[in-house]
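Given next are the chains, with one letter for each unit.
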Amino acid sequence: MQLNRKDFPDGFVFGAATAAYQIEGHKFGGAGESIWDHFAKQGGTFENQDGAIACDHYHRYEEDLDLMANGGFDAYRFSFSWARLMPDGKTINEEGLAFYDRLVDAMLARNLRPFGTAYHWDMPQALGELGGWANQDVVRRFADLTGLIAKRYGDRLESLATINEPWCVSWLSHFIGEHAPGTQDLATASKTMHNIMLAHGLGVAAARAECGIPMGIVLNFTPGEAASDSDADKQALARHEAISNEWYIEALATGEYPAVALEALEPHMPDNWQADMDLISAPIDFMGINYYTSVQVQAIEGDYPNVGVVSRGWETTDMGWEIEPDALGRVIKQVTNYTADLPLYVTENGMAAKSGLDDADRIAYFKSHTDVVANCAQSLPVKGYFAWSLMDNFEWALGYEKRFGIIHVDYDTLERTPKQSYEWWKAGLSPKA
Ligand code: IFM
């Protein structure tokens, strides 16, 4: 049941991941209102919970990084908060810049390699009010953010990912409406589906104009299978794959969007979107894969995309997500069909659980998924794995109820207590190779 570094190639990177708004405490350090603060006030989150205090990582980052280093991890994946660095979307907040200086330096002081992400969902509300990702002026502002991060921290970061999970930023937030800003509209969603990829392309170019930092993007994959052999279910699967998985990887790797999705989205996309595809598909240095679950889908009546998820009766996490470790192997293989020898990292993988400190279920989840990764890494360019998450945190629309951490956070006292899963990682990773 134990993890063993020897099962992975030399130099394989083990880390844990977090995101700014989920842990930092957004009311500290001069951060501006973010679209998530606004969404929470509008009732978009469980009990209107928000990231105002979160885990107070803003003040407790040294303790958190000590835990990472003592756990034997090699790397820390974290994100920069846009609304902290540019509270109104354009003016730079020096206090915010100084915070990330301290944070990155504290990682380096502990031999933790800093894997940065420029956008993990905390857009300044001032830009949200301009239309957010549906507005290409806002997309251009994102390039300013990426350039700023590269200029200030580029010499100290291991790498920089532009966008975390474009599906969540576009489809989940603008069509399904589960995430900020909570829009439910195909026309808006279609614009954001393209604009988020354009943001990536512009972000890479802006960062490269500043320094030679390795640049990439983090995609989430939810592979599907059809509930039956009927044509209707197979077509529903094709729509699911096109919107959830293929749109982003195909744009990046081939400069084209999948025809199955384009059919419905194209009429609403920005004029002359085709002209952006070269920039979107410009070469990158790595790709991040986030994987949690797979789904079985079937055709349903009603509105586009007419895809319903049907339970297979499998074991689920506390998110209700079915557990299928082998699907992570299939995703890695499929990605390499597009990306060949581009370095890949599993940048998020983990489970929400109610099991508290004695989280044997989470250990089993990590073990089964890292076994698959170890196997893939023998023949495919998988270079690292990051557990989601270092600590319990703000799980977006679901607030603090869902606990993904390997470290428990008491939200009354903010005390951190390592769970059994943290000890499992520590036993497998220490001492560092
Ligand atoms: O908490 C999120 C994270 O911010 C993005 N990927 C999925 C995680 C679990 O839902």
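Structure shown above.
Residues numbered from 1 in each chain as written. Predicted model: local features only at pLDDT ≥ 70, side-chain atom pairs only at ≥ 80, totals over all residues. Heavy atoms only, no water.

Student: A description of the overall build of the protein chain should follow, citing residues and the corresponding values.
Tutor: If you tally the helices and strands in the protein chain, you get 15 helices and 13 strands. Here the C-alpha atoms of the protein chain give a radius of gyration of 20 Å, agreeing with the 22 Å that 2.2 N^0.38 yields for 433 residues. For the protein chain, the C-alpha atoms occupy an extent of roughly 50 × 50 × 45 Å along the three principal directions. Put simply, the protein chain has 433 residues, and 61% of those count as buried. Across the protein chain, contacts joining residues at least 24 apart in sequence account for 76% of those joining residues at least 6 apart. For the protein chain, the accessible area works out to roughly 15900 Å², and carbon and sulfur atoms hold 48% of it. The protein chain carries 33 positive and 62 negative side-chain charges, and their two centres are separated by 5 Å. (Helix = DSSP H or I, 4+ residues; strand = E, 2+ residues; numbered from the N terminus. Rg over C-alpha atoms; globule rule 2.2 N^0.38 Å. Buried < 20%, exposed > 50% of the residue type's maximum accessible area, 1.4 Å probe, protein only. Contact = heavy atoms within 4.5 Å. Areas by Shrake-Rupley, 256 points an atom, 1.4 Å probe, with all protein chains shown as cover. Lys, Arg positive; Asp, Glu negative; His and termini not counted. Charge placed at Lys NZ, Arg CZ, Asp CG, Glu CD.)

Student: Describe the sheet that holds strand β9 (residues 307-309), with residues and values.
Tutor: In space, the 3 strands of this open sheet follow the order β6-β8-β9, with mixed pairing throughout. Bordering the open sheet on either side are β6 (224-226) and β9, each of which pairs with just one other strand. Going across the sheet, the axis of each strand differs from the next one's by a mean of 40 degrees, ignoring polarity. Direction of pairing for β6 relative to strand β8 (residues 295-299): parallel, over a ladder of 3 bridges. Counted as the bridge partner of A226 is V297 from β8. Helix α10 (residues 231-254) contacts β6, β8 and β9 of the sheet and is inclined by roughly 125 degrees relative to β8. (Pairing = 2+ DSSP bridges. Axes fitted to C-alpha atoms, helices over the stretch in contact; angles between N-to-C directions.)

Student: Describe in detail the layout of surface pockets, supporting the description with residues and values.
Tutor: Approximately 1100 Å³ is the volume attributed to the largest pocket. Taken together, 45 residues form the lining of the largest pocket, with W167, L172, E178, T222 and W321 sitting closest to its centre. Breaking the lining of the largest pocket down by element, the ones donating at least two residues are α8 (166-176), β5 (215-221), α10, β8 and β9. In terms of residues, the lining of the largest pocket owes the most to one element, α8, which gives 6 residues. Here the lining of the largest pocket is composed, by residue class, of 23 nonpolar, 16 polar and 6 charged. (1 Å grid on protein atoms, 1.4 Å probe; cavity = no way out; pocket = protein on both sides within 12 Å on 5 of 7 lines; lining within 4 Å. Points joined across faces, edges and corners; volume = space filled by probe spheres on them. Nonpolar A, V, L, I, M, F, W, Y, C, P; charged D, E, K, R; others polar.)

Student: Pulling in residues and values, what's your account of empty space enclosed by the protein?
Tutor: Under the defined criterion, the tally for this structure stands at 3 cavities of 30 Å³ or more. Estimated volume of the largest cavity: approximately 60 Å³. Lining the largest cavity, in full, are R77, F115, G116, T117, S159, A161, V218, F286 and T347. Counting residues per element, the ones that place at least two in the lining of the largest cavity are β3 (113-119) and β4 (159-164). Element by element, the count of residues in the lining of the largest cavity is highest for β3, at 3 residues. Residue composition of the lining of the largest cavity, grouped by class: 4 nonpolar, 4 polar and 1 charged.

Student: Just give me the short version of the environment of P283, but keep the residues and values in it.
Tutor: Locating P283 in the fold gives a position in the loop between α12 (277-280) and β7 (286-291). Note on P283: relative accessible area 66%, which makes it exposed.

Student: Before we move on, can you summarise the site of the ligand with the specific residues and values?
Tutor: By nearness alone, every residue bordering the ligand is listed as Q22, H120, W121, N164, E165, Y292, W321, E348, W388, E395, W396 and F404. One of the side-chain nitrogen or oxygen atoms of Q22 is found 2.7 Å away from an oxygen atom of the ligand. The side chain of E348 places a nitrogen or oxygen atom 2.5 Å from a nitrogen atom of the ligand. For the ligand, the cavity whose grid points lie within 2 Å of the majority of its atoms is the largest pocket. (Near = heavy atom within 4 Å. Polar contact = N/O pair within 3.5 Å; in protein donor to acceptor, adjacent residues only side chain to side chain. Sits in = over half its atoms within 2 Å of the grid points.)

Student: I'd like to hear about the packing of aromatic side chains, residue by residue, with values.
Tutor: Across all of its chains, the model carries 43 aromatic pairs by this definition. Each ring, one from F8 and one from F14, has its centre 4.9 Å from the other, and the planes form 85 degrees; the classification is edge-to-face. Judged by centre distance (6.5 Å) and plane angle (80 degrees), the ring pair of W171 and Y304 falls under edge-to-face. Placement of W171 in helix α8 and of Y304 in the loop between β8 and β9 is noted, with a sequence separation of 133 residues between them. For W171, a relative accessible area of 4% puts it in the buried group. According to the relative accessible area criterion, Y304 is partly exposed, its value standing at 22%. Through successive ring pairs, a cluster of aromatic residues spans F8, F12, F14, F73, Y365, F366, Y385, W424 and W425. The side chain of R84 reaches across the aromatic face of F99, ending 5.5 Å from its centre. Positioned over the ring face of W314 is R312, at 3.8 Å from the centre of the ring. (Phe/Tyr/Trp six-rings, centres within 6.5 Å; stacked < 30°, edge-to-face > 60°. Lys NZ or Arg CZ within 6 Å of the ring centre and 35° of its normal.)

Student: Could you give an account of the packing of helix α9 (residues 186-210) against α10, with specific residues and numbers?
Tutor: At a minimum axis distance of 11 Å, the contact between α9 and α10 shows a crossing angle of 40 degrees. In terms of axis orientation, α9 runs oblique to α10. Note that α9 runs across α10; the crossing there is right-handed. Seen from α9, the contacting residues are M193, H194, M197 and H200; seen from α10, they are I243, W247, Y248, A251 and L252. Each residue belonging to the contact of α9 with α10 can be placed in one class, and the counts come to 7 nonpolar, 2 polar and no charged. (Parallel < 35°, antiparallel > 145°, perpendicular 65-115°, else oblique. Left-handed = near helix turned anticlockwise from the far one by under 90°.)

Student: Got a sec to walk through the sheet that holds strand β10 (residues 344-348)? Specific residues and values, please.
Tutor: Spatially, 8 strands are ordered β1-β2-β3-β4-β5-β7-β10-β11 in a closed barrel, and the strand pairing comes out parallel. On average, each strand axis in the sheet is tilted by 25 degrees relative to the strand beside it, whichever way the strands run. Two elements, β4 and β5, share 3 bridges in a ladder whose sense is parallel. Within β5, the residue paired with L160 across the bridge is M215. Contacting β5, β7, β10 and β11 (382-388), helix α13 (residues 325-339) runs over the sheet at an angle of about 155 degrees to β7.

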